[in-house]
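# Structure assessment
One-letter residues, chain by chain:
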Amino acid sequence: MNADREAASVQVQPPAPGRSGGVAPDPGLDEARALELLRRAGVGRVVYTVGALPAVLPVRFRLDPLGGVLLSTVPGSELARAVDGAVIAFEADEVDGADGTGWCVTVLGRAEVRRPSPAPGARAEIRIAPELVVGRHLAPDAA
């Protein structure tokens with residue numbers, strides 16, 4: 001990994017008492033800023049395991065008022081079966097293809113599958129409760 005990018009990483013701190021997670025201070029990218037950036041993204045990636053192997057799936061998402069990541073899926077899908085009650089990761093980012101600058105936010109937490117109403121076509125909702133939020137800026141590539 002590029003040393004400039006590594007230097008721009010946010011160092012993770014243990015959660016403060018009474019809080020669900022935390023991010024060490026970084027000019028312009030604390031936990032609140034990380035969640036603000038996450039709200040702007042339309043698509044992210046959920047990272048989970050299937051048969052002890054890692055799986056990554058791009059998904060549309062939204063955040064709830066407490067910073068929980070909400071995903072929608074078909075009831076009984078592989079994703080819903082694999083993540084219910086498991087600790088998983090969710091990541092979204094925005095990176096400029098020209099110079100490599102941008103940001104990346106990762107949310108780690110336990111997933112809960114909320115079953116849909118019995119109405120035809122109803123979808124299940126997966127909520128990832130944020131236990132740790134990690135954000136970082138991506139510095140420009142050194143030329």
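Residues numbered from 1 in each chain as written. Predicted model: local features only at pLDDT ≥ 70, side-chain atom pairs only at ≥ 80, totals over all residues. Heavy atoms only, no water.

With that settled, consider the overall build of the protein chain. Counting its regular elements, the protein chain contains three helices and seven strands. Mapped in sequence order, the helices and strands of the protein chain form the string α-α-β-β-β-β-α-β-β-β. Per-residue burial for the protein chain yields a buried fraction of 41% across its 143 residues. Partitioning the contacts of the protein chain with sequence separation of at least 6, the portion at a separation of at least 24 is 59%. (Helix = DSSP H or I, 4+ residues; strand = E, 2+ residues; numbered from the N terminus. Buried < 20%, exposed > 50% of the residue type's maximum accessible area, 1.4 Å probe, protein only. Contact = heavy atoms within 4.5 Å.)

Okay, the packing of aromatic side chains next. Throughout the structure, instances matching the rule amount to one aromatic pair. On the numbers, 4.7 Å between centres and 65° between planes, the contact of F61 with F90 is edge-to-face. Of the two residues, F61 sits in the loop between β2 (53–60) and β3 (62–63) while F90 sits in strand β5 (residues 87–95), which places them 29 residues apart along the sequence. For the pair F61 and F90, a shared accessibility class is recorded, and that class is buried. (Phe/Tyr/Trp six-rings, centres within 6.5 Å; stacked < 30°, edge-to-face > 60°.)

Okay, the sheet that holds β2 next. Spatially, β2-β1-β5-β6-β7-β4-β3 is the arrangement adopted by the seven strands of the open sheet, whose pairing is antiparallel. In the strand order of this sheet, the two ends are held by β2 and β3, each with one partner. By the bridge criterion, nine bridges tie β5 to strand β6 (residues 102–114) in an arrangement that is antiparallel. When the sheet's bridge partners are listed, V87 is paired in β6 with R110. Where helix α2 (residues 31–40) meets the sheet, it contacts β3, β5, β6 and β7 (124–138), and its direction lies at approximately 80° from that of β6. (Pairing = 2+ DSSP bridges. Axes fitted to C-alpha atoms, helices over the stretch in contact; angles between N-to-C directions.)

Note that all results are geometric; they support no functional claim without further evidence.
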